[in-house]
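The primary structure of each chain is shown beneath.
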Amino acid sequence: MKRVVGKVAALCSAALVFLAVRIPPDFEWDIPAPFPTPPVPVDNPMSAAKVELGRHLFYDPRLSGNGRQSCASCYRQELAFTDARARAVGSTGERHPRSSMSLANVAYAPALTWADSALASLEQQALGPALGTSPVELGLAGHVDRVVNSLRSDATYRRLMPLAFPGDTNPWTLTHVIKGIAAFERTLISVRSPYDRYRYGGEQSAISESAKRGERFFFSGQRGRCFQCHGGWNFSGALRVASDTSAHPAFFNTGLYNVAGRLSYPKPNTGLHQHTQLLADVGRFRAPTLRNITVTAPYMHDGSIATLGEVLDHYAAGGRNVTHGAYRGDGRANPNKASNVREFVLTPQDKADLLAFLETLTDTAFLNDPRLSNPWRRR
């Protein structure tokens, strides 16, 4: 199969004061058939050098206000680029109102983040964590010049930056940093799970009989109806690919809350409504990919459901009834709840089969791919 990044050699000796990185001249996607290539913006074409630059930047704690937090602090490879927290924590210790959504196959997403239908560019999205102040994430606001100068003084970046942006007389800008990170994120492609070997590779023994029953339940139009929100090969609904970028994102209210008052979801997590201000959009969030779902707990936009089994119980009940506390209310009766989120029978065997099926979406090759790992650990 083709490789996203060619062989990278770290040449270390007492005589060397920098990490010498050998970059092949051309970029090739490492995507097996029948999966498509993702779209790439014309102003940020892919190159092996740019991807390698972006990988270094993604894992570099210098790209934060406190110098201790990197993109990878909230997006850990072994957790399918999530962070195991109910709510992400920024460089100042401020908690984000939502959880870190998996970056697996993010290059195909028609919208990024949980609830912004207009945010569809990885380059644009990366500026939010970098410069945002409400909440503070990386906390680069006011520190950009210092950080860029720090990168410029590093021998690794002095080699990688000109290779990534050849011919550019001044690559030492935040724009170039962001483009590098976005290029790396486009290579976070997860399509080598046991389910892929079974469904697309014809390997009948790749998943168990229980998982096969779970697959049938998942795609049933009469019972689980799970595919109606988590459809397609990415289990996330419509996708944009290189050959067709016309797909539009879908957002769903799944009956997680129904608090008293004008808005049925607690602020600031009112979903798509936060951006549109339409009451009909209250509680509507983007369906995340289910790939690698067994390693991305806790679940939902605010991490309020701890286990995957509890998520299945939530949907089987047609929503969540919160019986006490500040968020008390019956989500099953939420007026904005999606029509396909309704009660269904889930027997213990059904539940075990569904969990077995979801387990087959775990792509251990992706979770352990050295090309996606922290390059600074080798220094």
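For the structure itself, consult the block above.
As the structure is a computational prediction, the values presented were derived from the model and not from experiment.

### Considerations on the overall build of the protein
Here comes step 1: A tally of helices and strands in the protein yields eleven helices and four strands.
Here comes step 2: Relative to its length of 379 residues, the protein is compact, with a C-alpha radius of gyration of 22 Å against a globular reference of 21 Å.
Here comes step 3: Considering only C-alpha atoms, the protein reaches an extent of 65 × 50 × 40 Å along its principal axes.
Here comes step 4: Contacts in the protein between residues at least 24 apart in sequence constitute 67% of all its contacts with a sequence separation of at least 6.
Here comes step 5: Total accessible area on the protein stands at roughly 16900 Å², and carbon and sulfur atoms take up 53% of it.
Here comes step 6: Between the averaged position of the 43 positive side-chain charges in the protein and that of its 32 negative side-chain charges there is a distance of 2 Å.

### Some details on the environment of I207
Here comes step 1: Summarising the element assignment, I207 is placed in the loop between α6 (194-199) and α7 (209-218).
Here comes step 2: Expressed as a C-alpha distance, the spacing of I207 and R197, which sit ten residues apart in the sequence, is 8.6 Å.
Here comes step 3: Setting aside chain neighbours within four positions, we find I207 in contact with P194, Y195, Y198, K212 and T360.

### Structural notes on the environment of D281
Here comes step 1: For D281, the location among the structural elements is in the loop between α8 (273-276) and β2 (285-286).
Here comes step 2: On the basis of relative accessibility, which here comes to 6%, the residue D281 falls in the buried class.
Here comes step 3: For the pair D281 and K337, spaced 56 residues apart in the sequence, the C-alpha separation amounts to 9.9 Å.
Here comes step 4: With sequence-adjacent residues up to four places away left out, D281 is seen in contact with T270, G271, L272, H273, T276 and N336.

### Some words on the side chain of D350
Here comes step 1: Summarising the element assignment, D350 is placed in helix α10 (residues 348-359).
Here comes step 2: With sequence-adjacent residues up to four places away left out, D350 is seen in contact with F217, R223 and V345.

### Some points on the pattern of salt bridges
Here comes step 1: All chains considered together, the criterion is met by 18 salt bridges.
Here comes step 2: Two residues, R291 and D196, come together in a salt bridge whose shortest N-O distance is 2.8 Å. Of this pair, R291 sits in the loop between β2 and α9 (308-316) while D196 sits in helix α6; the two residues are 95 residues apart in sequence, bridging distant segments of the chain.
Here comes step 3: Residue class for R291 comes out buried when judged on its relative accessible area of 1%.
Here comes step 4: A single salt-bridge network, built from bridges that share partners, covers D30, R192, D369 and R371.

### Description of the state of the cysteines
Here comes step 1: This structure, assessed with the given rule, holds zero disulfides.
Here comes step 2: Here C71 is not disulfide-linked; the sulfur of C74 is the nearest cysteine sulfur, at 8.8 Å.
Here comes step 3: C226 provides the cysteine sulfur closest to C229, a residue in no disulfide bond, and the two sulfurs are 9.0 Å apart.
Here comes step 4: You can call C229 buried: its relative accessible area is 12%.

### Here we look at the side chain of N253
Here comes step 1: Note on placement: N253 falls in the loop between β1 (251-252) and α8.
Here comes step 2: Side chain to side chain, N253 and N334 meet in a polar contact 3.2 Å long.
Here comes step 3: Not counting residues within four places of it along the chain, the set of residues in contact with N253 comprises Y265, V282, G283, R284, N334, N336, K337, A338 and V341.

### With respect to the packing of helix α2 (residues 122-131) against helix α5 (residues 174-185)
Here comes step 1: Running from amino to carboxyl end, α2 crosses α5 at an angle of 115°, the nearest separation of the two axes being 9 Å. Here the hand of the crossing between α2 and α5 comes out right-handed. Along its contact with α2, which presents L122, E123, A126, L127 and L131, the element α5 presents L174, I178, K179, A182 and E185.
Here comes step 2: Of the residues assigned to the contact of α2 with α5, the class counts are seven nonpolar, no polar and three charged.

### Quick word on the packing of α7 against α10
Here comes step 1: Running from amino to carboxyl end, α7 crosses α10 at an angle of 100°, the nearest separation of the two axes being 7 Å. With respect to α10, the element α7 is oriented roughly perpendicular. Together, S210, A211, R213, G214, E215, F217 and F218 of α7 and Q349, D350, A352, D353, L354, A356, F357 and L358 of α10 make up the contact between the two elements.
Here comes step 2: Here the residues of the contact of α7 with α10 sort into eight nonpolar, three polar and four charged.

Calculation notes
- Residues numbered from 1 in each chain as written.
- Predicted model: local features only at pLDDT ≥ 70, side-chain atom pairs only at ≥ 80, totals over all residues.
- Heavy atoms only, no water.
- Helix = DSSP H or I, 4+ residues; strand = E, 2+ residues; numbered from the N terminus.
- Rg over C-alpha atoms; globule rule 2.2 N^0.38 Å.
- Contact = heavy atoms within 4.5 Å.
- Areas by Shrake-Rupley, 256 points an atom, 1.4 Å probe, with all protein chains shown as cover.
- Lys, Arg positive; Asp, Glu negative; His and termini not counted.
- Charge placed at Lys NZ, Arg CZ, Asp CG, Glu CD.
- Buried < 20%, exposed > 50% of the residue type's maximum accessible area, 1.4 Å probe, protein only.
- Salt bridge = Lys/Arg side-chain N within 4 Å of Asp/Glu carboxyl O.
- Disulfide = S-S within 2.5 Å.
- Polar contact = N/O pair within 3.5 Å; in protein donor to acceptor, adjacent residues only side chain to side chain.
- Axes fitted to C-alpha atoms, helices over the stretch in contact; angles between N-to-C directions.
- Left-handed = near helix turned anticlockwise from the far one by under 90°.
- Nonpolar A, V, L, I, M, F, W, Y, C, P; charged D, E, K, R; others polar.
- Parallel < 35°, antiparallel > 145°, perpendicular 65-115°, else oblique.

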